[in-house]
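Residue strings, one per chain:
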Amino acid sequence: MLKGKHIVLGITGGIAAYKSVMLLRLFVKAGAEVQVVMTPSAKEFITPVTLSSLSGKPVISEFFTANTGEWHSHVDLGLWADAMVIAPLTASTMGKMASGVADNMLVTSYLSTRAKVFAAPAMDLDMWRHPSSQRNLSVLRSDGVEIIEPEAGELASGLVGKGRMEEPEVIFSRVSSWLTKKDVLKGKRYLVTAGPTYENIDPVRFIGNHSSGKMGFAIASALASFGAEVHLVSGPVSLPTPSGNVVRTDVVNAREMLTASEAVFQSCDGAVFCAAVADYAPVVCEERKIKREKLDRITLELVKNPDISATIGMMKSSGQRLVGFALETDNEFDNAVGKMQRKGLDWIALNSLREAGAGFRTDTNRVTLISAQGAVTEIPLMSKTEVARRIVEECFL
Ligand code: CTP
């Protein structure tokens, strides 16, 4: 299953390091070649002998082998890898990775690699929820590291809470599924719309909404991680462009979003409409700021914006697949199905604003994916990254 794949397994100094032995075993059994890199403190928890016996390769921990003077090239190692998996990831190494403190072989390999990096943090619950850890975590995420979140449960300290490293089987399946599918969309192109649109009233005011763009950016990232070329048309958001083959066009209002989308759609194999497009725009945008003291009451005349997904839906040729989102507050299922039909979509991802942890400004989502043929797939509450991956797998793989 993983024959010919090269994995760097990074192990840091936490009690969960004992689980990495199982993880290594799973990779080796699946046919992967694994090079283990340990931080010096990881060796306090498990012995390199166990790991080198299982991997069939000497474990690397230092820049040099003291007695022979042999230098271990972190650059070569980084280039050799198809994937780097750091499990467990301690708070200390997480901080070093986030700020580029390259004082050991593991962090230098991380900084040198062009491979996909997975990290499975493990720490005590208070360390996990400390603002510093959460800050570092979001830096790693935006640097493209796929975080395999810890579970809640009993911790080595005896405390109960989130921080326990995810089980080796789960880490194995996340990494191996990525390795086996990473190029399945190579040669394909997709359009993704994301974020809100801002409809200007005057030079300083606009009509907008609470969309953060996170779901659309996660979809773009998931498509790119399967090897696709992505055209991401984004409204005003403060998010970095996802790594991989992603071409980003920033727009402000719905008309600009439509123009940018129409310009690329013909050459695409499909599209995902994640943008929360403002339904109406002011008929006129004042050239100068509207002054408060002159007016006690104002009436804004609004005109309906173009429906981007419906317009693209009419351009669609056979073979092009379209996915939309529906954010509903009531009569959710029927409204979503109606939208899918009206807009000519092949799938619609329904999320409810009434659901805790779903919708705007959260890092998680829960969606019901409905196909034009009537298939219904429930995607439980999970990170937007994972929801995005599931949607892409269901609709495009
Ligand atoms: N959409 C779009 N262009 C618009 C409005 C919506 O492309 N002008 C897309 C969204 O990106 C989403 C889907 O259509 O994929 C549904 O958006 P939603 O706001 O839920 O529905 P609307 O069509 O705007 O209907 P309503 O606001 O009345 O629920």
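### Comments concerning the state of the cysteines
Disulfides are covalent bonds that link the sulfur atoms of two cysteine residues.
Thought 1: Under the defined criterion, the tally for this structure stands at zero disulfides.
Thought 2: The thiol sulfur of Cys 268 is not disulfide-bonded, and the nearest other cysteine sulfur, from Cys 274, lies at 15 Å.
Thought 3: Judged by its relative accessible area of 4%, Cys 268 is buried.
Thought 4: Just so you know, Cys 395 is unpaired, no disulfide at all, and the nearest cysteine sulfur is the one on Cys 274, 11 Å from it.

### Topic: the sheet that holds strand E17 (residues 347-352)
Thought 1: Strand order in the open sheet formed by eight strands is E12-E11-E8-E13-E16-E17-E18-E19, with mixed pairing between adjacent strands. One side of each edge strand has no neighbouring strand; the edge strands of this open sheet are strand E12 (246-250) and strand E19 (376-383). The average undirected angle you get between the axes of adjacent strands in this sheet is 20 degrees.
Thought 2: Strand direction decides the pairing type here: strand E13 (residues 270-273) and strand E16 (residues 321-328), joined by four bridges, are parallel. The residue bridging Val 272 from the neighbouring strand is Val 323, located in E16.
Thought 3: On top of the sheet, helix H12 (residues 332-343) reaches E16, E17, strand E18 (364-371) and E19; it is set at about 150 degrees to E17, its chief contact.

### Thoughts on the site of the ligand
Thought 1: The ligand sits among 14 residues. The nearest are Phe 273, Ala 275, Ser 309, Lys 339 and Lys 343.
Thought 2: Here Asp 279 contributes a side-chain N or O atom positioned 2.9 Å from an oxygen atom of the ligand.
Thought 3: Here a nitrogen atom of the ligand and a backbone polar atom of Ile 308 are 3.0 Å apart.
Thought 4: Here the ligand, which alone exposes 560 Å², has 76% of that area covered by the protein.
Thought 5: A majority-of-atoms criterion places the ligand in the second largest pocket.
Thought 6: Those elements giving two or more residues to the shell around the ligand turn out to be helix H11 (308-315), E16 and H12.

### Digging into H11
Thought 1: Among the residues of H11, Ile 308, Ser 309, Ala 310, Ile 312 and Gly 313 are the ones counted as buried.
Thought 2: Among the structural elements, strand E8 (189-194), helix H10 (254-265), E13, E16 and H12 are those in contact with the buried residues of H11.

### What about the nonpolar core?
Thought 1: In this structure, Ile 219, Leu 223, Ile 391 and Phe 396 are the most contacted members of the largest nonpolar core, which totals 34 residues.
Thought 2: Where this core is concerned, the elements lending two or more residues are E8, helix H9 (214-225), strand E11 (229-234), E16, E17, E18, E19 and helix H13 (384-396).
Thought 3: In terms of residues, this core owes the most to one element, H9, which gives eight residues.
Thought 4: In contact with Phe 396, not counting residues within four places along its chain, are Leu 185, Tyr 190, Leu 223, Ala 271, Val 272, Arg 321 and Val 323.
Thought 5: Formed by 32 residues, the second largest nonpolar core is a distinct cluster that contains Leu 9, Phe 27, Val 36 and Val 175.

### Structural notes on the layout of surface pockets
Thought 1: In this model, the second largest pocket occupies a volume close to 1,100 Å³.
Thought 2: Around the second largest pocket, the lining comprises 40 residues; the ones closest to its centre are Ala 275, Ala 276, Val 277, Asp 279 and Phe 325.
Thought 3: For the lining of the second largest pocket, the secondary structure elements donating two or more residues are H9, H11, E16, H12 and E17.
Thought 4: If you tally residues by element for the lining of the second largest pocket, the top one is E16, at four residues.
Thought 5: Here the lining of the second largest pocket is built from residues that sort into 17 nonpolar, 14 polar and nine charged.

### Re unusual backbone geometry
Thought 1: For the bond running from Ala 87 to Pro 88, omega is 0 degrees, close enough to zero to count as cis.
Thought 2: Checked against the element boundaries, Pro 88 lands in strand E3 (residues 83-89).
Thought 3: Even without being glycine, Asn 331 reaches a positive phi, approximately 50 degrees.
Thought 4: Note that Asn 331 resides in the loop between E16 and H12.

### Considerations on the packing of helix H8 (residues 168-181) against H13
When two helices pack together, their arrangement is given by the angle between the helix axes and the distance between those axes.
Thought 1: Contact geometry for H8 and H13: axes closest at 14 Å, N-to-C directions at 40 degrees. The angle between H8 and H13 places the two elements in the oblique class. Helix-helix and strand crossings are classified by hand; for H8 and H13 the assignment is left-handed. Contacts from Arg 174, Ser 177, Trp 178 and Lys 181 in H8 reach Glu 386, Arg 389 and Glu 393 in H13.

### Notes on the pattern of salt bridges
Thought 1: Scanning the model with the defined rule gives 20 salt bridges in all.
Thought 2: A salt bridge links Glu 146 to Arg 174; the shortest N-O distance between them is 3.2 Å. In this pair, Glu 146 sits in strand E5 (residues 146-147) while Arg 174 sits in helix H8, placing the two residues 28 residues apart along the sequence.
Thought 3: We classify Glu 146 as buried; its relative accessible area is 10%.
Thought 4: Where Arg 174 meets Glu 386, a salt bridge forms, and the shortest distance between an N and an O atom there is 3.8 Å. Taken together, the residues span a long stretch of sequence, with Arg 174 in helix H8 and Glu 386 in helix H13 at a distance of 212 residues.

What counts, and where the lines are drawn
- Residues numbered from 1 in each chain as written.
- Predicted model: local features only at pLDDT ≥ 70, side-chain atom pairs only at ≥ 80, totals over all residues.
- Heavy atoms only, no water.
- Disulfide = S-S within 2.5 Å.
- Buried < 20%, exposed > 50% of the residue type's maximum accessible area, 1.4 Å probe, protein only.
- Pairing = 2+ DSSP bridges.
- Helix = DSSP H or I, 4+ residues; strand = E, 2+ residues; numbered from the N terminus.
- Axes fitted to C-alpha atoms, helices over the stretch in contact; angles between N-to-C directions.
- Contact = heavy atoms within 4.5 Å.
- Near = heavy atom within 4 Å.
- Polar contact = N/O pair within 3.5 Å; in protein donor to acceptor, adjacent residues only side chain to side chain.
- Areas by Shrake-Rupley, 256 points an atom, 1.4 Å probe, with all protein chains shown as cover.
- 1 Å grid on protein atoms, 1.4 Å probe; cavity = no way out; pocket = protein on both sides within 12 Å on 5 of 7 lines; lining within 4 Å.
- Sits in = over half its atoms within 2 Å of the grid points.
- Core = buried A, V, L, I, M, F, W, Y, C linked by side-chain atoms within 4.5 Å.
- Points joined across faces, edges and corners; volume = space filled by probe spheres on them.
- Nonpolar A, V, L, I, M, F, W, Y, C, P; charged D, E, K, R; others polar.
- Parallel < 35°, antiparallel > 145°, perpendicular 65-115°, else oblique.
- Left-handed = near helix turned anticlockwise from the far one by under 90°.
- Salt bridge = Lys/Arg side-chain N within 4 Å of Asp/Glu carboxyl O.

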